[in-house]
Amino acid sequence: MQSSSFLPWVIAAVALFWAVGAYNRLVRLRSEANHAFAALEAELAKQVQLVQECVPPEDEQTQSQFTGGSAFWGGLQGAAAQLQASLSAARSRPLDPDRIAALGAAQEVLGMAWERAERDDAHDLAGPRLPENCSGERQQLVRMAQSATEHFNQAVVRYNEAIAQFPAILLAWLFGFHPGRGLRARP
């Protein structure tokens, strides 16, 4: 008779230990995704810093406005500012799909601005507008950001898979674990 009253307590204890373990796993996977985002953020911040280092001061931009330099530099500055703002927004909630989508768009805009700068640079007969080291350094930063993006995306996939599994999905719903979105890697 005592063994039948003992069985519900054993089942309850096993369920409780499972729930605690599953919750800790979800927290750990979310933390891994957040840490992977921090590494990605650091790499993307280096790209913003490179623009700030390569773009001439405002007085030099004014001197080159007759050659189209003002629009050239303004495009890079605007794209870098957009990426910086998107990074700031995503920093507080790196698994938010809308913030990550905005970050991806900002990264794409900066990439297009750099490509335009390099393309215009190649056709300028008066000489390069970009310092020579900027293009090479940019390529290196892009490769590092691609690696960090892949790491972040893998962490997001692991997190999303964990919160979608039954019965962990019940804990995810109960404690507000929402699926994240990876960042589309720029070619």
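Located above this text is the structure these notes cover.
Residues numbered from 1 in each chain as written. Predicted model: local features only at pLDDT ≥ 70, side-chain atom pairs only at ≥ 80, totals over all residues. Heavy atoms only, no water.

Novice: Describe in detail the overall build of the chain, supporting the description with residues and values.
Specialist: Counting secondary structure elements, the chain contains six helices and zero strands. Secondary structure elements of the chain, listed N to C terminal, follow the sequence α-α-α-α-α-α. For the chain, with 187 residues in total, the buried portion stands at 35%. Accessible area for the chain stands at about 11,100 Å²; split by element, carbon and sulfur atoms hold 60% of it. (Helix = DSSP H or I, 4+ residues; strand = E, 2+ residues; numbered from the N terminus. Buried < 20%, exposed > 50% of the residue type's maximum accessible area, 1.4 Å probe, protein only. Areas by Shrake-Rupley, 256 points an atom, 1.4 Å probe, with all protein chains shown as cover.)

Novice: Account for the side chain of D96, with residues named and values stated.
Specialist: As for its placement among the helices and strands, D96 is situated in the loop between α3 (69–92) and α4 (97–123). A distance of 2.9 Å separates a polar atom in the side chain of D96 from the backbone nitrogen of D98. (Polar contact = N/O pair within 3.5 Å; in protein donor to acceptor, adjacent residues only side chain to side chain.)

Novice: An account of a nonpolar patch on the surface is requested, with residue identities and associated values reported.
Specialist: A contiguous nonpolar surface patch, about 490 Å² in accessible area, is contributed by F6, L7, V10, I11 and V14. Positionally, V10 belongs in helix α1 (residues 2–54). (Patch = residues over 30% accessible without salt bridge, like charges linked within 9 Å, V, L, I, M, F, W, Y side chains within 5 Å. Salt bridge = Lys/Arg side-chain N within 4 Å of Asp/Glu carboxyl O.)

Novice: An account of the pattern of salt bridges is needed here, citing residue identities and associated values.
Specialist: Where side chains of opposite charge bring their charged atoms close, a pairing between them can arise. Evaluation of the coordinates by the stated rule reveals six salt bridges. When the shortest N-O distance is used, the salt bridge between K46 and E43 registers 3.4 Å. Of this pair, K46 and E43 both sit in helix α1, three residues apart, roughly one helical turn. Note on E43: relative accessible area 11%, which makes it buried. In the salt-bridge network here, residues are joined through shared partners; they are R28, E32 and R158.

Novice: How would you explain the packing of aromatic side chains if you had to name every residue and give the values?
Specialist: In this structure the tally under the stated criterion is three aromatic pairs. Ring plane angle 75° and centroid distance 5.8 Å describe the contact between Y23 and F177, whose orientation is recorded as edge-to-face. One end of the pair, Y23, is in helix α1; the other, F177, is in the segment after α6 (168–175), with 154 residues separating them in the sequence. The class for Y23 is partly exposed, based on a relative accessible area of 29%. Taken together, the ring pairs connect Y23, F175 and F177 into an aromatic cluster. (Phe/Tyr/Trp six-rings, centres within 6.5 Å; stacked < 30°, edge-to-face > 60°.)

Novice: Now, about the state of the cysteines: what can you tell me, with residues and values included?
Specialist: The full count for this structure, using the stated rule, is one disulfide. Disulfide partner of C54: C134, at an S-S distance of 1.7 Å. Sign of the S-S torsion, about -105° for the bond between C54 and C134, identifies this disulfide as left-handed. On the criterion of sequence distance, the pair formed by C54 in helix α1 and C134 in helix α5 (residues 132–164) is long-range, its members being 80 residues apart. C134 carries the same exposure label as C54, and that label is buried. (Disulfide = S-S within 2.5 Å.)

Novice: Describe unusual backbone geometry, and please don't skip the residues or the numbers.
Specialist: The phi torsion of most residues other than glycine is negative, and most of the peptide bonds are trans. At the junction of F166 and P167, the peptide bond is cis and its omega measures out at 5° in the coordinates. Of note, P167 is situated in the loop between α5 and α6.

Novice: Help me get a handle on the nonpolar core, residues and values and all.
Specialist: Counting residues in each nonpolar core, the largest one holds 43 residues, and the members touching the most others are F37, L76, L83, L103, L110, W114 and F152. A total of 12 residues in this core trace back to one element, the largest contributor, which is α1. What F37 contacts, discounting residues up to four positions off in sequence, is L87, A90, R91, P94, I100, L103 and F152. (Core = buried A, V, L, I, M, F, W, Y, C linked by side-chain atoms within 4.5 Å. Contact = heavy atoms within 4.5 Å.)

Novice: Quick one: what's the story with the packing of α5 against α6, residue by residue and with numbers?
Specialist: For the pair α5 and α6, interaxial distance at closest approach is 6 Å and the crossing angle is 100°. Looking at the two axes, α5 sits roughly perpendicular to α6. Where α5 abuts α6, its residues A162, I163 and A164 lie against A168, I169 and A172. The residue inventory of the contact of α5 with α6, partitioned by class, reads six nonpolar, no polar and no charged. (Axes fitted to C-alpha atoms, helices over the stretch in contact; angles between N-to-C directions. Parallel < 35°, antiparallel > 145°, perpendicular 65-115°, else oblique. Nonpolar A, V, L, I, M, F, W, Y, C, P; charged D, E, K, R; others polar.)

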